[in-house]
Structures are given as C-alpha cells and as structure tokens.
Amino acid sequence: MERAELAGWLRLSLTPSIGDGAARRLLAAFGLPERIFAQPDAVLRQVVSQAQAAALQQPPPNLQAQIDLTWQWLHANDNGTTRRVVTLGDAGYPASLLEMADPPLLLYVLGAADYNLTQLGHSIAVVGSRNPTPQGATNARSFARALGEAGLPVVSGLALGVDGAAHQGALDAAGNTPRLATVAVVGTGLDRVYPARHRDLAHRITQQGLIVSELPLGTPPLTQNFPKRNRLIAGLARGTLVVEAALQSGSLITARLASEQGKEVFAIPGSIHSPQSRGCHALIRQGAKLVESVSDILEELPPLQTRAAAGNGHAANAANGSDNPLLDALGFDPVSLDALSARTGWSAAALQAKMLELELDGHISRLPGGLFQRMAAT
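No experiment lies behind these values; they were computed from the predicted model shown.

Counting its secondary structure elements, the protein contains 18 helices and twelve strands. Structurally, the protein occupies a C-alpha span of about 85 × 40 × 40 Å along its principal axes. Of the roughly 16,800 Å² that the protein leaves accessible, carbon and sulfur atoms contribute 51%. Taking the average place of the 30 positive charges on the side chains of the protein and the average place of its 31 negative ones, the gap between the two points comes to 5 Å.

Spelled out as structure tokens, the structure:
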C-alpha cells in the first residue's frame, strides 16, 4: 500500500462522526477515499448528513501523527513477521466479515508472512471465562488442540483464562508444522499487548498465526472496544465454542453475535454448582449444541469432517470413562474426601495417598475447602 492510499483510508476511518456505516455508503457512492475527499459539500450531503459532510471537509487533528505512526509500524523490521493494513476494498479482506452488518473499514494484521485472513473459512472460535476453573482451562486447551489436529485454525481473543488456553492448545497442535494455527483478535492497537502477561504468547502467535485489530495504533484497552472485538471473533470463525462462562460473561456476547450472523454455537456443560457453567447452560437452553467431544462440532459442520485427522485421540473426549476406578468414582464435579470415601468404601488415609498420586500425575486438582476435581484427559 502506498503512503497516499494509506493516508486516505486513515483519514476516512478517523473522521469524527463518520462511522463504518457512513464510510461504506461513501465508498459505494464515490469509490476510494481520495475521491470522497474530492467531492464538494453539496454532493456529500446527498449521501451523509450535513454535519458529517462538514466533518469530511477538514482532516482530523491527529491525522498526520497517525499516518506517520502507522507507516513506521508497517515498515518496522520484525524478524520475518509481516505487518499489514487490510482495507474493505482489499482482495485479502475476509469474505466472512463482508457478510456482517457492520464490517470494519480497516484491519491491522500482524503475523507470519505466509498466512492471511482468507484462510479462515474453516476456523472455530473458542472463547470463555477470564477466570476459568482448572477443568475449564484444561478443556479449552484440549479442545483447541483437538481442533488444530483436525486441521482447523482456532480464533480467540488473547484474554486471560480460556482465550489464552485456546491459543496455546492450537499452537500445541501445530508443533513445527508451517500452517495457520490460530488467530487472536484484540481490543487494542497492535503496537501494544494486552494483557501484558501474554506478551510471550503473542510472540508465539505471530510465528504461527495472526493477531488482528480494527483499532488504530496507540488505542489502549478501553472497555467499550471489547464487544466490538467480540463481533469480529464471531464473524471470522465458522462457529463458536463457549468453554466456560458466567451469566454476565462477554463470551455470551460473542455467542449471541455468532448466532445473529447465522453461525453455529456450541457449549460445554459443567457442574450445576459452578457459576462458571451457568452461561454455557443458558446457551444450551437457548439452542446451542451441547458438546462433549470435537466430533460433536465436526458432525454439525459436515464440510469440516473431511479435514479431521484420522485417529484423533486428544481431550475432546473428556466425558469418556477411564481405566482408573477412583477417577470413575470421582466423576467431574468437585467432591470432598468424605463423599469419595462413602462412594468407594476406602478409608480416608488410603484415599489421601491415592489422591496425592493422582494430583502429582495431573489427573486431579485440589480445590479450596478440601475438595478435589477431576481434570479433563489430555
């Protein structure tokens, strides 16, 4: 992209009172941004309001600084990582976003040079709580890994909790294979990483995936931008899997947006005692598909079945039984040692030793209040 072309798109996107809807009307009427700014006020008022036409006559006050910042960002040497600005009129703009009611005018993209957003036709979004239970985090990573092993990129939001675990699972599946493993859609400008503790994860994603934002460089993590981010997560993916979510979770926004866009919504059930399961249970009552394994997702989206790797034996099958009778007695809900003793007939002392062994092997986690919970298989 030439600097003059970039300047035109940035000016259109930054002009006060010109949202994406007005910008799309202007582009449809006049073509590329430079032609929009060449129109007289009277002609512009045939497409937008008088106030909007007046705003288009004057460059935004911070325009030159934003052009300089973006141009420098695009041309920074970053060890093979590619930086791009993809516009609404670009051939590389993802077709799935064009089907949305409000596709973004610009997408800032950071990541491996060989990958682009048009490769996401068979991707699945994996989202959930920022404060998942140990089992929820394990499920997110395991399902994402199983999806990756089936050849499907995983889309998520780089947030703490389920999002981070999903990206990690997708990267685990990719190993050193050169393919698009995961896409992180973020709610800040791409010149910063939020949350900061995901800096190393973000670096890994840029090596085997992409980080995407519609927000200008320099944009901090503002609360109002995350629902906008969520609509892009839903829009880029073929379907959305919610791993764990409270009733007021932002993940439910993503699921609702996916449903409104005609996409499939999947939810993993959990304990009736866990607040982090209530959002998933609400989605299931509203028609989301209850998911126990990745095959439940693939069978709902038949074209994806042909991409599934044969013999996938990873944690997508958390509901299956085990060869360990103590794990079978434990089940998947948190349980006390006394309750487990009643179920098995074993003494508390014998159980203590066995539970410590299972904990060290990563099969169970110890919860506050003297409770134990079985982890999903990996």
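Right, let's get into the side chain of Thr240. Within the element layout of this structure, Thr240 appears in strand S7 (residues 239-242). Aside from chain neighbours lying at most four places away, what touches Thr240 is Ala125, Val127, Ala234, Thr254, Ala258, Glu264, Val265 and Phe266.

A few words now on helix H12 (residues 250-260). By the burial criterion, the buried members of H12 are Ser251, Leu252, Thr254, Ala255, Leu257 and Ala258. In this fold, the buried residues of H12 make contact with strand S3 (124-127), helix H11 (225-236), S7, strand S8 (264-267) and helix H13 (278-285). The N-capping residue of H12, defined by a side-chain oxygen 3.0 Å from the backbone nitrogen of Ser251, is Ser249. Just past H12, the residue Gly262 takes up positive phi, approximately 80 degrees.

This part is about unusual backbone geometry. Pro195 follows Tyr194 through a cis peptide bond whose omega is 0 degrees. Relative to the assigned elements, Pro195 resides in the loop between strand S5 (182-185) and helix H10 (199-208). For Ser17, which is not glycine, the phi torsion reads 75 degrees and is therefore positive. With respect to the helices and strands, Ser17 occurs in the loop between helix H1 (3-14) and helix H2 (20-30). Even without being glycine, Leu158 reaches a positive phi, approximately 65 degrees.

Rules used in this analysis
Along each chain, residues carry numbers from 1 onward, in the same order as the chain's sequence is written. Per-residue local features of the predicted model are confined to residues with pLDDT of at least 70, and side-chain atom pairs are confined, for both listing and counting, to 80 or more; whole-chain, interface and lining totals are unaffected and use all residues. Side-chain calculation: all heavy atoms of the structure are included, whereas hydrogens and water are not. Numbering of helices and strands runs from the N terminus; a helix is a DSSP stretch of H or I covering at least four residues, while a strand is a stretch of E covering at least two. What sets the accessible areas is the Shrake-Rupley method with a 1.4 Å probe; for residues, cover comes only from the shown protein chains. Under this rule, positive means Lys or Arg and negative means Asp or Glu; His and the chain ends count for nothing. Lys charges are placed at NZ, Arg charges at CZ, Asp charges at CG and Glu charges at CD. Here, residues are in contact when the closest pair of their heavy atoms is within 4.5 Å. Relative accessibility decides the category of a residue: with a 1.4 Å probe and only protein chains considered, values under 20% of the type maximum give buried, values over 50% give exposed, and everything between is partly exposed. We define a polar contact as two N or O atoms separated by no more than 3.5 Å, with the added condition that, inside protein, one atom must be a possible hydrogen donor and the other a possible acceptor, whereas residues neighbouring each other in sequence contribute only through side-chain atom pairs.

Functional significance is not addressed by these values, which are geometric in nature.
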